[in-house]
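A structural walkthrough
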Amino acid sequence: MRVELCCPWRSVWAARALAAVALAVGVPLFLRMPPWCDLTLYQMAARNLIEGGTHYKDIFDTNLPGFVWALTLIQWAFGESVVVVRAADLLIVAGVVALIDRLAKLGGATAAARWWAVAGAAALYPFTMEMSHAQRDTWMALPGLAAVLLRVRRGIGGPAPLPSNPHVGSASAVLGAGLQAPDVPAGSGFAPAALEGALWGAALWVKPHIVLMAATVWLLTARRLAGRHPRPWRAAAFDLLGNLVGGLVVGAAGVLWLVASGAWGPFLEVFTEWNPDYLRLVRQELAQRGDQQLDWFPGWSLGPFVTVPLALLSVIDMAPWASRRAAGAVPGRAGPLGYWLPRHLWDKQAGADARFVRGTLGALYLVWLVQAFFLQRGFQYAHVPETLLMLGVWASHRWAFTFALLVWFALVAVVWGAAGGSPQAQAWLSSVPEKVHERYLPRHVAFNTERLKQWPVCWRTNLSDAERYALWDRLRLHPPHEAVVGWVEIAEVAEYLRAQGARDGEVVAWFDSPHVLYIIMHLKPGLRFMHVYTAISIGQGPDVPVTGQERVMAELAAAPANRRFVVSDLEWVALPATDPEVRARLLGPPGRPHPHHLLPAESPYPASFPFNQPTLFRSRGGRGRYVVHELSSRSDDSTEYFLLWSSAWSIADGADTCPMPRPKQRLILP
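Residues numbered from 1 in each chain as written. Predicted model: local features only at pLDDT ≥ 70, side-chain atom pairs only at ≥ 80, totals over all residues. Heavy atoms only, no water.

Describing the overall build of the chain
Threshold: Each helix corresponds to a stretch of at least 4 residues labelled H or I by DSSP, and each strand to a stretch of at least 2 residues labelled E; elements are numbered beginning at the N terminus. Contacts are assigned to residue pairs that have any heavy atoms within 4.5 Å of one another. To be clear on the numbers: accessible area is Shrake-Rupley with a 1.4 Å probe, and residue cover counts the displayed protein chains and nothing else.
Along the backbone of the chain there are 30 helices and 4 strands. Restricting to contacts in the chain with at least 6 residues of sequence separation, those with at least 24 account for 75%. Of the roughly 28,100 Å² that the chain leaves accessible, carbon and sulfur atoms contribute 65%.

Following this line, the structure appears as structure tokens:
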């Protein structure tokens with residue numbers, strides 16, 4: 001019997017076939033999925049730059065501008081096409097996977113292990129929620145991983161390390177004995193180090209968290225690279241200098257753009273006045289992070305339980321304290337862990353170079369995991385790169401975990417399918433807690449038959465706007481939330497506003513999703529905040545001198561007098577509702593049959609802006625989530641306490657409140 005038949009996890013062709021099927025099924029659906037509200041914010045920022053606007057001043061953004069630069073180039077070349085952006089995102093993810101695959105190969109992965117990692121990526125990314133797509137964390141991984149690959153190739157390049165020979169004492173003796181010359185490369189290594197630094201610098205302009213990964217990789221590999229030179233300390237200094245110079249050159253170019261475009265002042269305002277309070281949100285949400293970690297990608301999110309110890313052991317086994325020559329002094333000798341761990345758990349045959357690469361890959365995975373857990377808000381997209389890196393770590397050790405997970409998804413799909421015809425099985429599954437369903441019995445999106453019915457529609461190139469919006473609503477994977485756009489309903493709002501003759505600056509989109517009206521109607525925004533709720537959430541608490549709420553309301557009060565409409569979203573009101581009946585009441589029909597009283601009968605914030613403004617229109621014939629108000633005043637008359645659930649936590653599944661309300665001031669928590 002062939003090995004592939006009895007052990008399919010060792011089959012290259014089985015992995016290739018599965019990857020091809022996953023991509024054939026997933027990519028058309030992926031390309032036609034709706035954009036997340038982060039992407040629409042950056043689409044507005046890119047449009048603003050193309051039309052000659054000033055970033056940060058005209059469109060508020062708490063992040064560095066690298067992602068906006070990239071999106072501006074795409075929109076300038078191809079227009080405001082979501083499909084084009086998604087195609088670019090898919091190419092970037094493919095590049096990330098290719099770089100991880102290359103690192104895994106250098107770390108000792110077999111062809112089968114590498115292809116199963118590729119199959120895992122194909123079965124993961126196209127089927128994730130739209131929140132994870134076209135995000136800065138994944139895009140910064142491309143130049144970052146390119147820098148890592150360049151660095152590890154420097155650490156394993158050149159002739160093999162000189163074997164230990166007590167009878168050889170000098171270079172001349174080596175040549176006289178007919179042996180290979182010592183591994184001492186020419187040059188200081190400054191130029192390749194500068195290229196690495198430039199790549200890290202490009203990644204930093206996308207998201208500054210990459211600094212942690214760059215520092216970790218340099219510290220872990222510096223001894224290895226410097227030990228190849230006659231004067232290691234001098235080589236390490238030139239290596240570090242090259243990294244810094246390369247990064248500073250790219251950084252200086254970005255600063256010049258900020259100054260030349262007029263964005264430097266608004267940039268400093270955001271990073272000195274807004275972002276320190278934004279970091280407070282990260283600290284507030286840390287208590288929730290442990291439970292969230294298991295929910296980002298059902299099934300896949302269980303991987304860190306085995307990957308973290310595997311990565312830690314990989315770092316130890318690479319012997320980062322040793323130079324290349326010392327690590328490979330005895331050919332065929334196992335690494336530090338090869339003496340202790342059994343053969344079926346650890347690859348004892350991996351050479352010093354392979355151990356070096358997979359140790360670097362393991363360290364990169366660990367630091368990516370740590371920074372996403374402790375230094376970022378609880379959003380799914382921050383964990384995409386670490387999950388892809390996890391597949392590479394498994395592959396470098398020739399572990400078959402990817403195959404096992406994919407088999408588990410298939411078995412769970414069979415169980416759920418069989419339960420449809422068995423009342424006993426349905427009763428048993430219904431008795432299992434929901435968290436157990438989501439974490440240990442996940443139904444892979446590829447087996448969602450209702451969604452698969454949209455696959456032929458995704459190939460149509462002549463969809464009208466109405467058909468495209470309806471398809472976006474059908475392909476949406478994220479559960480209802482105020483950050484999730486209801487495309488059919490928001491199109492109704494756009495139609496109403498067009499009928500009212502709304503022009504540039506006259507519409508103010510409140511909360512986080514209504515700003516897509518600016519894109520649909522091609523309007524200049526009435527307020528620079530696209531994610532109004534996020535801006536309001538920044539800087540809350542009794543010790544904050546100026547809250548985000550006060551800053552946003554002050555900018556609205558100072559805006560020109562031509563602002564006519566403000567659009568609210570009742571999904572924001574329904575955020576705290578975990579009971580379906582409570583949620584239905586908060587989104588219910590108008591309390592009074594009057595055109596200026598279109599809010600639900602149970603409206604908890606009647607004195608709060610914008611719910612204190614007269615109503616003009618409500619989507620879905622007066623029963624939908626979006627409400628158009630006449631902007632008659634620019635004040636918040638609320639005096640009661642309002643404690644809203646954490647938006648980051650409610651996205652994952654849950655919420656939190658602040659126990660310290662601020663007297664006589666509306667308190668909205670992130």
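Topic: the packing of aromatic side chains
What counts, and what does not: We call Phe, Tyr and Trp rings a pair once their centres come within 6.5 Å, taking the six-membered ring for Trp, and we label the pair stacked below 30 degrees between planes, edge-to-face above 60, and tilted otherwise. Relative accessibility decides the category of a residue: with a 1.4 Å probe and only protein chains considered, values under 20% of the type maximum give buried, values over 50% give exposed, and everything between is partly exposed. To sit over a ring, a charge needs its Lys NZ or Arg CZ within 6 Å of the ring centre and within 35 degrees of the ring normal.
The final tally for this structure, using the stated rule, is 29 aromatic pairs. Arranged with centres 5.6 Å apart and planes meeting at 55°, the rings of Trp300 and Phe409 form a pair that is tilted. In this pair, Trp300 sits in the loop between α13 (286–292) and α14 (304–317) while Phe409 sits in helix α18 (residues 401–419), placing the two residues 109 residues apart along the sequence. Owing to a relative accessible area of 4%, Trp300 belongs among the buried residues under this scheme. Here a set of aromatic residues connected by ring pairs shows up, and it is made of Phe511, Tyr533, Trp572, Tyr605 and Phe611. Lying over the aromatic face of Phe30, Arg86 brings its terminal NZ or CZ to 4.8 Å of the ring centre.

Details of the environment of Leu497
Considering the arrangement of structural elements, one finds Leu497 in helix α23 (residues 487–499). Separated by 68 residues in sequence, Leu497 and Phe565 have C-alpha atoms that sit 8.6 Å apart. Those residues in contact with Leu497 that lie beyond four places of it in its chain are Ala502, Val507, Leu517, Met521, Phe565, Val567 and Val628.

Digging into the nonpolar core
Here is the rule: What is meant by a nonpolar core is a set of buried Ala, Val, Leu, Ile, Met, Phe, Trp, Tyr and Cys residues, joined one to another through side-chain atoms within 4.5 Å.
Residues Leu145, Trp300, Leu364, Leu388 and Leu497 are the most contacted members of the largest nonpolar core, which totals 115 residues. It is helix α5 (residues 82–106) that provides the largest number of residues to this core, a total of 12 residues. Setting aside residues up to four positions removed in sequence, Leu145 forms contacts with Val96, Leu99, Ile100, Leu103, Leu364 and Leu389. Leu64, Ala263, Val552 and Val573 belong to the second-largest nonpolar core, a separate cluster that totals 39 residues.

Side note on the pairing of strand β2 (residues 565–569)
Condition: When DSSP locates at least two bridges between a pair of strands, those strands are taken to pair.
Burial of β2 is extensive: 5 of the 5 residues sit out of reach of the surface. Every second residue of β2 is oriented toward a common face, with Phe565, Val567 and Asp569 on one face and Val566 and Ser568 on the other, all of them buried. Note: strand β1 (residues 507–509) against β2, 3 bridges, orientation parallel. Note on β2: the bridge partner recorded for Ala509 is Val567. Sheet topology places β2 next to strand β4 (residues 626–630); 5 bridges connect them, and they run antiparallel. The partner of Phe565 across the bridge, within β4, is Glu630.

Quick look at unusual backbone geometry
A cis amide bond, omega 5°, links Phe609 with the succeeding residue Pro610. Inspection of the secondary structure puts Pro610 in the loop between α28 (580–586) and β3 (615–618). If you check the backbone angles, Phe511 has positive phi at about 65° while not being a glycine. On the secondary structure map, Phe511 appears in the loop between β1 and α24 (516–521). For Phe511, a relative accessible area of 1% corresponds to the buried category. Backbone geometry places Arg620, a non-glycine residue, at a positive phi of 55°. Relative to the assigned elements, Arg620 resides in helix α29 (residues 619–622).

Focus: α23
To be explicit about the condition: Helices are assigned an expected span. That span is 1.5 Å times one less than the residue count.
If you check α23, its first and last C-alpha atoms are 18 Å apart, about what 13 residues at 1.5 Å a residue would give, namely 18 Å. Along α23, the residues classified as buried are Trp487, Glu489, Ile490, Ala491, Val493, Ala494, Tyr496 and Leu497. A positive phi of about 75° marks Gly501, the residue just after α23.

Examining the environment of Val552
Position of Val552 relative to the elements: it lies in helix α26 (residues 548–558). Distance in space between the C-alpha atoms of Val552 and Ala535 is 7.2 Å, their sequence separation being 17 residues. Those residues within four positions of Val552 in sequence are excluded, and the remaining contacts are Trp274, Trp510, Leu527, Phe529, Val532, Ala535 and Ile536.

Description of the sheet that holds β1
Operational definition: Axis definition: a line fitted to C-alpha atoms, over the contacting stretch in the case of helices. Angles run 0 to 180 degrees between N-to-C directions.
Sheet architecture is open: 4 strands sit in the order β1-β2-β4-β3, paired in mixed fashion. Two strands bound the open sheet, and with one partner strand each, they are β1 and β3. The average undirected angle you get between the axes of adjacent strands in this sheet is 25°. Contacts from α23 reach β1, β2, β3 and β4, with the element oriented near 25° to β4.

Looking at the side chain of Arg358
Within the secondary structure layout, Arg358 lies in helix α16 (residues 352–374). By relative accessible area, Arg358 is classed as buried at 1%.

Quick word on the packing of α14 against α16
Keep this limit in mind: Roughly parallel covers angles under 35 degrees, roughly antiparallel covers those over 145, roughly perpendicular covers 65 to 115, and oblique covers all other angles. By definition, turning the near helix anticlockwise from the far helix through less than a right angle yields a left-handed crossing, and turning it clockwise yields a right-handed one. Any residue outside Ala, Val, Leu, Ile, Met, Phe, Trp, Tyr, Cys, Pro, Asp, Glu, Lys and Arg is labelled polar, Gly included; the first ten of those are nonpolar and the last four are charged.
Their axes nearest at 8 Å, the elements α14 and α16 cross at an angle of 135°. Comparing their axes, α16 and α14 come out oblique. Relative to α16, α14 is oriented so that their crossing is left-handed. When α14 is examined against α16, the residues Pro304, Thr307, Val308, Ala311, Leu312, Ser314, Val315 and Asp317 are found in contact with a partner set consisting of Arg355, Arg358, Gly359, Gly362, Ala363, Tyr365, Leu366 and Leu369. Of the residues in the contact of α14 with α16, the class split is 9 nonpolar, 4 polar and 3 charged.

Description of a nonpolar patch on the surface
Note the cut-off: The residues that make up patches have over 30% relative accessible area and no salt bridge, and they are joined within 9 Å when like-charged or within 5 Å when they are Val, Leu, Ile, Met, Phe, Trp or Tyr. Salt bridge, as used here, is a side-chain nitrogen of Lys or Arg placed within 4 Å of a carboxyl oxygen of Asp or Glu.
A cluster of nonpolar side chains, Leu212, Leu286, Val370, Phe374 and Leu375, forms an exposed patch at the surface whose accessible area comes to about 400 Å². Here Leu375 shows up in the loop between α16 and α17 (384–396).

The analysis is restricted to geometry; functional conclusions fall outside its scope.
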